[in-house]
There are 2 protein chains.
Amino acid sequence: MNERFSARLNTRDGAVDMTHGSGGRAMAQLIEELFVAHFDNDLLRQANDQAAFDLPAGRVVMSTDGHVISPLFFPGGDIGSLSVHGTINDVAMSGARPLYLAAGFILEEGFPLADLERVVASMARAASAAGVPVVTGDTKVVEQGKGDGIFITTTGIGVVPNGVEVSGDRARPGDVVLVSGTLGDHGVAIMSSRENLTFETAIESDSAALHTLVADMVAAAPGIRCLRDPTRGGLATTLNELARQSGVGMKLMERDIPVNPAVSAACELLGLDPLYVANEGKLICICGPEDAEPLLEAMRAHPLGRAAARIGEVVEDRHGFVQMETGFGGSRVVDWLAGEQLPRIC
Amino acid sequence: MNERFSARLNTRDGAVDMTHGSGGRAMAQLIEELFVAHFDNDLLRQANDQAAFDLPAGRVVMSTDGHVISPLFFPGGDIGSLSVHGTINDVAMSGARPLYLAAGFILEEGFPLADLERVVASMARAASAAGVPVVTGDTKVVEQGKGDGIFITTTGIGVVPNGVEVSGDRARPGDVVLVSGTLGDHGVAIMSSRENLTFETAIESDSAALHTLVADMVAAAPGIRCLRDPTRGGLATTLNELARQSGVGMKLMERDIPVNPAVSAACELLGLDPLYVANEGKLICICGPEDAEPLLEAMRAHPLGRAAARIGEVVEDRHGFVQMETGFGGSRVVDWLAGEQLPRIC
């Protein structure tokens, strides 16, 4: 096949140029020698402009997410693995089993092909580890100064098992609020990496695909009301969204919210509140009180839910306030994120 | 609901700022007052991070496409309508009926909210006219100088009717090559708009959603072998892709290839070959000889296929060459697009 191209793609010291987005021979080579080589699956290899497949019975779920994180490579991951985990998680938060991914790349002219290959290899590893292949894609190139290296928009589809009805508007007074682990790790890892800070304990992004954790949770308690991953805006903003969607209030116990001590210390140093810092491998679950213990048990039995905790409850409040009982016995309102705390965190 | 925001989004002279991508209150307002207001459908209004729906029986098709066109507004369309048409067409080229769209926006800080609203309103009109709603989305913001106003990645899903098997690897010697209309309109409209050229006859992009044309064609001849829209790289590159996928050659008749005379003239002026210029509302169809007439009839009966023509045939050729009998009776090889003819054409 490679007789078509005069030389192999130079992934050692070559760079993206405008021809890689032209639709012509250079783009065909980039797709064949880089994308198809790494993602390596039959659907992609068909080389049609779309992927076709059969789906199991059930409601279908679709979610899309652009990734513009800076820096591209950070402790615990990179834009490639993040773009796979982020979209798998958005699909999984409906209770669905994620099945296929599509990836749209917007590359900046001059972006090193070595970095592109590193990103694509990382995406491929993340997709393969999760069992959710990238089956179709698209590449565009913009002139130098009109982009920032690489942006990746991933779209995922999945299928919800029958009987599962997870939605942000289903929280009811008396329900329990659970979180799958420590908060703030992703945002603090990115900020430390940007500011070149080092701490005694290395802080890594928690970036991870949560769909197998969700599957275990759905099996333990099919009546789960809400699931959501607290990414941009953190726990605080995500709980405010859920409170608003469901028309309820929430009451949190500060002392029960798990935060890694190194993240706590870094947040103090950086002037951040861990409740507003992005996570990429955590979920919030709201469930009826009878499901709380079985769910915590299922979560703690999964590697990504070891530090799962019950952090509060849903209360009646038509204003949708999220309140928190602080460590000192006082109470404060936990509002939406107002400004921009951490730009380009995902 | 709007008690949450101190004032309405200023879509008259406001601009995108970093808070619109923060995940917090400003992003919630942008989503509610701009995206949800225009796209206006129940799935989007649920405000979950994903859309859930039932699909009719059949093979499911997914396709994704990034849009980085410059300029954003051009004769015959804009990045918004293009991003809807382009993805609907990629889904439809499998013979599928497109059903739902997801849209990922990457906005540059400082982009006027008035332009954003104009783009989103245009997307919404295109989606509504096509009957394919935008049901989920995502917004990211990058700093000034790290993007170019707006990039839109749309992903579509659809379902292939039973019995339809369209794929780029199904062309066989003896098959007929059809095209749905004149070539080069989109690329020449964009180039003229960039170069500020005016012609006696206005040249407009052919940007259009082709799914109803495809549905009519599939009904007329369910055995259609290949469908593809000749976007980047034009007719020449698309036929080379199909020839390579199917392991066949093609023989075109130059005099049968429809080109709008104004486009022909503009191509001469701009030094372009219409066979390599992008189209956004045309399709190539390869079919068995017995299906050619019924298909041409169905195409010509549809507003987007009036100028449909038979332009060549599939021949045996293990090298996958596309050859063309020229107007002067000679013959030349129509190769892949080699360099970059028209950057950022879609």
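Residues numbered from 1 in each chain as written. Chains lettered and ligands numbered in written order. Predicted model: local features only at pLDDT ≥ 70, side-chain atom pairs only at ≥ 80, totals over all residues. Heavy atoms only, no water.

### Considerations on the packing of aromatic side chains
Residue and element names in this part refer to chain A.
In step 1: Per the stated rule, a full pass over the model turns up 7 aromatic pairs over all chains.
In step 2: Geometrically, the ring pair formed by Phe-35 and Phe-105 is tilted, given 4.6 Å between the ring centres and 40° between the ring planes. Residue Phe-35 is located in helix H1 (residues 25-39), and its partner Phe-105 is located in strand E5 (residues 97-108); the two are separated by 70 residues in the primary sequence. Taken individually, Phe-35 and Phe-105 each receive the classification buried, so the pair is uniform in this respect.
In step 3: In this structure an aromatic cluster arises from ring pairing among Phe-35, Phe-39 and Phe-105. (Phe/Tyr/Trp six-rings, centres within 6.5 Å; stacked < 30°, edge-to-face > 60°. Helix = DSSP H or I, 4+ residues; strand = E, 2+ residues; numbered from the N terminus. Buried < 20%, exposed > 50% of the residue type's maximum accessible area, 1.4 Å probe, protein only.)

### Focus: the environment of Leu-34 of chain B
Residues and elements named next belong to chain B.
In step 1: Within the secondary structure layout, Leu-34 lies in helix H1 (residues 25-39).
In step 2: Residue classification places Leu-34 among the buried residues on the basis of a relative accessible area of 0%.
In step 3: It is 9.3 Å that separates the C-alpha atoms of Leu-34 and Leu-113, two residues lying 79 residues apart in sequence.
In step 4: Filtering out sequence-adjacent residues up to four positions away, Leu-34 remains in contact with Leu-9, Thr-11, Gln-29, Leu-113, Leu-116, Glu-117 and Val-120. (Contact = heavy atoms within 4.5 Å.)

### Re the UniProt feature "domain: PurM-like C-terminal" (unreviewed entry) in chain A
In step 1: The positions UniProt marks with the feature "domain: PurM-like C-terminal" (unreviewed entry) are residues 172-324 of chain A.
In step 2: Each end of residues 172-324 of chain A is marked by a C-alpha atom, and these two atoms are 18 Å apart; helix forms 37% of the span and strand 17%. (UniProt positions renumbered as here; feature names shortened; annotations may be inferred.)

### Here we look at the state of the cysteines
In step 1: With the rule as written, the count across this model stands at 0 disulfides over all chains.
In step 2: Residue Cys-226 of chain A stays outside any disulfide, its sulfur separated by 8.1 Å from that of Cys-285 of chain A, the closest cysteine. (Disulfide = S-S within 2.5 Å.)

### Observations regarding the pattern of salt bridges
In step 1: Inspection of the entire model under this criterion finds 32 salt bridges over all chains.
In step 2: For the salt bridge of Asp-138 of chain A with Arg-232 of chain B, the shortest nitrogen-to-oxygen distance reads 3.0 Å. Of this pair, Asp-138 of chain A sits in strand E6 (residues 134-142) while Arg-232 of chain B sits in the loop between strand E9 (226-228) and helix H7 (234-246), on two different chains.
In step 3: In this structure, the salt-bridge partner of Lys-282 of chain B is Asp-185 of chain B, at a minimum N-O distance of 3.8 Å. (Salt bridge = Lys/Arg side-chain N within 4 Å of Asp/Glu carboxyl O.)

### A look at the domain arrangement of chain A
Reports often express the size of an interface as the amount of accessible area lost when the parts come together.
All names here are of chain A.
In step 1: You can read the domains of chain A as domain 1 (2-160) and domain 2 (176-333).
In step 2: Taken over C-alpha atoms, the centre of domain 1 sits 29 Å from the centre of domain 2.
In step 3: With 19 residues of domain 1 at the interface, the matching set in domain 2 holds 20 residues.
In step 4: A combined buried area of about 1,600 Å² lies between domain 1 and domain 2, and 60% of that area is made up of carbon and sulfur atoms.
In step 5: Inspection of the domain 1/domain 2 interface yields 0 salt bridges.
In step 6: Between the two partners, domain 1 and domain 2, sit 8 residue pairs in polar contact (both at pLDDT 80 or more).
In step 7: In terms of residues, the side of domain 1 that touches domain 2 owes the most to one element, helix H3 (residues 79-92), which gives 7 residues. (Domains from an automatic or database assignment. Buried area = accessible area lost by both parts, 1.4 Å probe. Polar contact = N/O pair within 3.5 Å; in protein donor to acceptor, adjacent residues only side chain to side chain.)

### Some details on the pairing of strand E7 (residues 150-160) of chain A
Residues and elements named next belong to chain A.
In step 1: Counted residue by residue, E7 has 11 buried out of 11 residues, so it is predominantly covered.
In step 2: The alternating pattern of E7 places Ile-150, Ile-152, Thr-154, Gly-156, Gly-158 and Val-160 and Phe-151, Thr-153, Thr-155, Ile-157 and Val-159 on opposite faces, both of which are buried.
In step 3: For strand E2 (residues 59-67) and E7, the ladder comprises 9 bridges, and the chain directions are antiparallel. Across the sheet, Asp-65 pairs through a bridge with Thr-154, a residue of E7. (Pairing = 2+ DSSP bridges.)

### Brief notes about H3 of chain A
Residues and elements named next belong to chain A.
In step 1: Between its terminal C-alpha atoms H3 stretches 20 Å, which fits the 20 Å expected from 14 residues at 1.5 Å a residue.
In step 2: Burial runs high along H3: 14 of the 14 residues are buried.
In step 3: The distance from a side-chain oxygen at the start of H3 to the backbone nitrogen of Gly-80 is 2.7 Å, and the residue carrying that oxygen is Asp-78. (Expected span 1.5 Å × (residues − 1).)

### Some points on the sheet that holds strand E11 (residues 284-287) of chain A
All names here are of chain A.
In step 1: Read from one edge to the other, the open sheet built from 7 strands follows the order E9-E11-E8-E12-E10-E13-E14, with strand pairing classed as mixed. The open sheet has two free edges, formed respectively by strand E9 (226-228) and strand E14 (331-333), since each of these has just one partner strand. Here the strands of the sheet are splayed against their neighbours by 25° on average, with no regard to which way each runs.
In step 2: Both strand E10 (residues 249-253) and strand E12 (residues 309-315) contribute to a ladder of 4 bridges, which runs antiparallel. In the sheet register, Lys-251 faces E12, and the bridge partner there is Glu-313.
In step 3: The strands touched by helix H9 (residues 289-300) are strand E8 (176-179), E11 and E12; relative to E8, the strand with the most contacts, the crossing angle is about 10°. (Axes fitted to C-alpha atoms, helices over the stretch in contact; angles between N-to-C directions.)

### Focus on the side chain of Thr-64 of chain A
In step 1: For Thr-64 of chain A, the location among the structural elements is in strand E2.
In step 2: There is a polar contact of 2.8 Å between the side chain of Thr-64 of chain A and the side chain of Thr-155 of chain A.
In step 3: Filtering out sequence-adjacent residues up to four positions away, Thr-64 of chain A remains in contact with Thr-153, Thr-154 and Thr-155 of chain A together with Ala-102, Ala-103, Gly-104, Thr-136, Gly-137, Asp-138 and Thr-155 of chain B.

### Brief notes about the interface of chain A and chain B
In step 1: If you look at the interface, chain A gives 75 residues, while chain B gives 76 residues.
In step 2: Summed over both partners, the interface of chain A with chain B comes to about 6,200 Å²; 53% of that surface belongs to carbon and sulfur atoms.
In step 3: Sorting the residues of chain A by area buried against chain B places Met-62, Arg-232 and Arg-244 of chain A first, and these three jointly supply 12% of that buried surface.
In step 4: At the boundary of chain A with chain B, the tally comes to 12 salt bridges.
In step 5: The partner of Asp-65 of chain B in a salt bridge is Lys-140 of chain A, with the nearest N and O atoms 3.1 Å apart.
In step 6: When residues of the side of chain A that touches chain B are traced back to their parent elements, those giving at least two are H1, strand E1 (51-53), E2, E5, E6, E7 and helix H7 (234-246) of chain A.
In step 7: Residues that form the side of chain A that touches chain B fall into these classes: 28 nonpolar, 26 polar and 21 charged.
In step 8: Of the strand pairs in this sheet, E1 of chain A and strand E2 (residues 59-67) of chain B are connected by 3 bridges, and their pairing is antiparallel. In the strand pairing of E2 of chain B, Ala-52 of chain A is matched with Val-61 of chain B. (Nonpolar A, V, L, I, M, F, W, Y, C, P; charged D, E, K, R; others polar.)

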